[in-house]
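Observations on the model geometry
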Amino acid sequence: MKNILEVYHKDLKRLNFYFSPLRNLTNTNSFTELSPEEFSDIDWDLRKILTEYGIKLSFPKRLKTPCKFPYKLAICTGPSLKSYYCTSSFDENDDFEKLISKFNKINRSLHLTRECINCEILPLCLNACRYLEKNQRGCPTEKFKINQMVIYFLENREKWIY
């Protein structure tokens with residue numbers, strides 16, 4: 001990331017960074033997924049690096065829909081420019097018509113666990129992902145770093161958009 005920031009330092013307003021954990025979709029033993037807590041440590045460190053290059057952080061906002069994909073508000077394009085249902089359901093056999101069919105069949109209701117209902121940041125997440133296994137959580141970085149984010153904001157207001 002630092003290489004990209006250094007090469008494009010004069011044109012950073014045209015870049016948008018979004019960090020997402022990789023999923024072990026093929027169940028490869030040589031690949032271990034990060035827990036939400038582990039990913040949030042890395043994500044928060046990367047966000048702070050962006051501020052060193054003048055890219056401002058934005059405060060998390062309340063979600064209006066749990067996930068943009070079932071509501072047809074987003075599409076995922078893979079490395080080969082192939083369209084996928086979402087970032088959590090890569091299937092090499094999907095074609096565009098199957099993709100649309102998945103959009104139409106998805107259950108759009110909220111699936112909130114007791115842990116989610118009691119979570120301090122519920123409006124920022126809404127337990128959005130339908131594809132996570134029952135023992136997995138898709139908790140965002142803010143759940144684990146909200147205190148550090150507030151402190152960082154208070155100490156570095158010029159590095160935030162608010």
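As the structure is a computational prediction, the values presented were derived from the model and not from experiment.

When you go through the chain residue by residue, the secondary structure sums to six helices and four strands. Taken from the N to the C terminus, the helices and strands of the chain come in the order α-α-β-β-β-α-α-α-α-β. By residue count, 29% of the 162 residues in the chain fall in the buried class. A separation of at least 24 residues holds for 55% of the contacts in the chain among residues at least 6 apart in sequence. Accessible area for the chain stands at about 11600 Å²; split by element, carbon and sulfur atoms hold 53% of it.

It is worth spelling out the confidence of the model for the chain at this point. Interpreting fine coordinate detail is not advised for predicted regions of low pLDDT. Summarising the model, the chain shows a mean pLDDT of 75, and 60% of its residues fall at 70 or more. Confidence scores differ between elements of the chain, with helix H3 (residues 96-105) showing the lowest mean pLDDT of 62 and helix H6 (residues 141-155) the highest of 93.

Our next topic: H6. With 15 residues, H6 extends 19 Å between its outermost C-alpha atoms, agreeing within 8% with the 21 Å of an ideal straight helix rising 1.5 Å per residue. Where H6 bends most, the angle comes to about 50°, and this point is asparagine 147. Buried within H6 we find Thr141, Glu142, Lys145, Met149, Tyr152 and Phe153. Buried-residue contacts for H6 involve helix H2 (36-52), strand E1 (57-58), helix H5 (122-125) and strand E4 (160-161).

In this section: the nonpolar core. Of all hydrophobic cores here, the largest spans seven residues; its members are Leu5, Leu12, Phe19, Phe39, Ile49, Leu50 and Ile55. Here this core gets three residues from one element, more than from any other, and that element is H2. Excluding residues that lie within four positions of it along the chain, isoleucine 55 makes contacts with Leu5, Leu12, Phe17, Leu50 and Lys159.

Its location among the elements puts tryptophan 160 in strand E4. A sequence separation of 103 residues divides tryptophan 160 from leucine 57, and the C-alpha atoms of the two residues are 4.6 Å apart. If we ignore the near neighbours within four places in the chain, the residues touching tryptophan 160 are Trp44, Lys56, Leu57, Ser58, Phe59, Met149, Tyr152 and Phe153.

Between its first and last C-alpha atoms H2 spans 25 Å; for 17 residues at 1.5 Å apiece the expected length is 24 Å, and the two agree. Buried residues in H2 make contact with helix H1 (2-7), E1, H6 and E4. Of the residues flanking the end of H2, it is glycine 54, one or two places downstream, whose phi is positive at about 90°.

Now for the packing of H2 against H6. At their nearest, the axes of H2 and H6 sit 9 Å apart, and the two run at 35° to each other. The hand of the H2/H6 crossing is right-handed. Across the interface between the two elements, Pro36, Glu37, Phe39, Ser40, Asp41, Asp43, Trp44, Arg47, Lys48 and Thr51 from H2 touch Thr141, Glu142, Phe144, Lys145, Gln148, Met149 and Tyr152 from H6. Looking at side-chain class alone, the contact of H2 with H6 contains six nonpolar, four polar and seven charged residues.

Tallying each qualifying case throughout the model produces six aromatic pairs. One aromatic cluster is present, built from ring pairs that chain together Trp44, Phe59, Tyr152, Phe153 and Trp160.

A contiguous nonpolar surface patch, about 360 Å² in accessible area, is contributed by Ile4, Val7, Tyr8 and Leu15. Along the polypeptide, isoleucine 4 turns up in helix H1. We classify isoleucine 4 as partly exposed; its relative accessible area is 39%.

Criteria and thresholds
- Residues numbered from 1 in each chain as written.
- Predicted model: local features only at pLDDT ≥ 70, side-chain atom pairs only at ≥ 80, totals over all residues.
- Heavy atoms only, no water.
- Helix = DSSP H or I, 4+ residues; strand = E, 2+ residues; numbered from the N terminus.
- Buried < 20%, exposed > 50% of the residue type's maximum accessible area, 1.4 Å probe, protein only.
- Contact = heavy atoms within 4.5 Å.
- Areas by Shrake-Rupley, 256 points an atom, 1.4 Å probe, with all protein chains shown as cover.
- pLDDT = per-residue confidence, 0-100.
- Expected span 1.5 Å × (residues − 1).
- Bend = angle between axes of the 7 residues up to and from the residue.
- Core = buried A, V, L, I, M, F, W, Y, C linked by side-chain atoms within 4.5 Å.
- Axes fitted to C-alpha atoms, helices over the stretch in contact; angles between N-to-C directions.
- Left-handed = near helix turned anticlockwise from the far one by under 90°.
- Nonpolar A, V, L, I, M, F, W, Y, C, P; charged D, E, K, R; others polar.
- Phe/Tyr/Trp six-rings, centres within 6.5 Å; stacked < 30°, edge-to-face > 60°.
- Patch = residues over 30% accessible without salt bridge, like charges linked within 9 Å, V, L, I, M, F, W, Y side chains within 5 Å.
- Salt bridge = Lys/Arg side-chain N within 4 Å of Asp/Glu carboxyl O.

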